[in-house]
Amino acid sequence: MKKSLYIYVFLFIGTALFASCGNNSEDPDDSPLVINIPEDDDECCSYDDELAMRRLFADYQEVDDLSGIIFEKYTIRVYARYATLRVGYTELLFAVEKTATNQHVKDIQISDFVPVMTMGAMGMKHSAPTANSFSKIDGLPVYKIWFAPLMASDENSFWELSLNYSVKGSVGKTENLRFNVVAQPSGNTWIKSFKLIDRTYYLTLVNAENFQTGINTIQAYISRTGENKVLPYYDASEEFVIEHTPTMPDMGNHSSPGNEPLIRQESGIYEGRLNLSMTGLWNIHLVVKDKNGNIVAGGENDNSGYSNLYWTISI
């Protein structure tokens, strides 16, 4: 007979307890988290890793349209900040459970993430800005990737996802898994594009919902389309500098001091400093320059007197 051990860990997360392994609680009180892991099931995570994964997923929601793929005796779970995906920068987390016990499996791989939008009755297709590859989180069997849906779904347009996965050496593939994307609230715009020679480049603002009043670290990716528009738009190989000026259109387009340009980091992300002096609606006006200082995008101003290329955020 299998022996079962129990770990009782009090997790104070302020809202209803979220547990990806089948232990969802109806009681929002500080109830103990109970993990039941058979000692002799060596294909699944250790106690410490299982607890770490539960803590991680407590900050995310299971994605309604993507999660629950069944593969042999396993279930693939997908998590994001919101259960329904939104236009703009989106992180997805992938993990695999043993279906019978809801335990997380150690030996997994997720790869070849390809999102595709089919637009309208004409059936035109395109992909989206996407991370170059998956990454693992803190050595756990959790695969993370970001992508940025360019537009919301509607009755004539839809998004689909294809990806490959491996569980204990057994491989599978999901193709044309349809999912819904909704618009950002309050008119926020976190993706902008510009043309350079024969390619389109996308400026994807990262985690804009985390901005607060005062000095913020601002991050973005610059992605470039390839010859095949239905393949993911990976990081542009060229190096740019993104100069930015925040203004408040509802407050006379006043700006703020202490802003620093976004510079490409070793990881490929662009990073700078952004000063948001008060709450409200902000336009982040952008001027993109190449490594020689030549303006390649955002060189023309709108009626605000600042670049006509801008992100819009609310804090």
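Residues numbered from 1 in each chain as written. Predicted model: local features only at pLDDT ≥ 70, side-chain atom pairs only at ≥ 80, totals over all residues. Heavy atoms only, no water.

1. Describing the overall build of the chain
- For the chain, the helix and strand inventory stands at 1 helix and 24 strands.
- For the chain, the residues scored as buried account for 46% of the 315 residues in total.
- Taking as baseline every contact in the chain between residues at least 6 positions apart, the subset at least 24 positions apart corresponds to 60%.
- For the chain, the accessible area works out to roughly 15400 Å², and carbon and sulfur atoms hold 46% of it. (Helix = DSSP H or I, 4+ residues; strand = E, 2+ residues; numbered from the N terminus. Buried < 20%, exposed > 50% of the residue type's maximum accessible area, 1.4 Å probe, protein only. Contact = heavy atoms within 4.5 Å. Areas by Shrake-Rupley, 256 points an atom, 1.4 Å probe, with all protein chains shown as cover.)

2. Regarding the pattern of salt bridges
- Summed over all chains, the structure comprises 11 salt bridges.
- With its nearest N and O atoms 3.5 Å apart, the salt bridge here joins Arg199 to Asp198.
- Glu227 serves as the salt-bridge partner of Arg199, at 3.9 Å between the closest nitrogen and oxygen. Of this pair, Arg199 sits in strand S17 (residues 199–205) while Glu227 is found in the loop between strand S18 (214–224) and strand S19 (240–247), placing the two residues 28 residues apart along the sequence. (Salt bridge = Lys/Arg side-chain N within 4 Å of Asp/Glu carboxyl O.)

3. Some thoughts on the pairing of strand S22 (residues 281–290)
- The buried fraction of S22 is high, at 7 of 10 residues.
- Sheet analysis places S19 next to S22, joined by 8 bridges and oriented antiparallel. Within the sheet, the bridge partner assigned to Phe240 lies in S22 and is Asp290.
- Sheet analysis places S22 next to strand S24 (residues 310–314), joined by 5 bridges and oriented antiparallel. Bridge pairing in S24 links Trp282 to Ile313.
- As paired strands, S22 and strand S23 (residues 295–297) are joined by 2 bridges and run antiparallel to one another. Across the sheet, the residue bridging to Val288 is Ala297, located in S23. (Pairing = 2+ DSSP bridges.)

4. With respect to the sheet that holds strand S14 (residues 170–179)
- The strand order across the open sheet built from 4 strands is S10-S9-S13-S14, with neighbouring strands paired in antiparallel fashion. Looking at which strands have only one partner, the edges of the open sheet turn out to be strand S10 (124–126) and S14. Neighbour-to-neighbour, the strand axes of this sheet turn through a mean angle of 20°, independent of strand direction.
- Pairing geometry for strand S9 (residues 108–119) and S10, over 3 bridges, is antiparallel. Residue pairing for S10: Thr118 is matched across the bridge by Lys125. (Axes fitted to C-alpha atoms, helices over the stretch in contact; angles between N-to-C directions.)

5. So, the nonpolar core
- Leu66, Leu85, Leu92, Phe94, Phe113 and Phe179 are the most contacted members of the largest nonpolar core, which totals 40 residues.
- Listing elements by their share of this core, those giving two or more residues are strand S4 (69–71), strand S5 (74–80), strand S7 (90–98), S9, strand S12 (143–147) and strand S13 (158–167).
- For this core, the leading source of residues is S13, giving 5 residues.
- Grouped together as the second largest cluster of nonpolar side chains are 27 residues, Leu203, Met248, Val296 and Ala297 included. (Core = buried A, V, L, I, M, F, W, Y, C linked by side-chain atoms within 4.5 Å.)

6. Thoughts on unusual backbone geometry
- In this structure, Glu72 is a non-glycine residue whose phi angle is positive, near 55°.
- Of note, Glu72 is situated in the loop between S4 and S5.
- Judged by its relative accessible area of 55%, Glu72 falls in the exposed class.
- Not every positive phi belongs to a glycine, and Asp138 is a case in point at roughly 50°.
- Residue class for Asp138 comes out exposed when judged on its relative accessible area of 73%.

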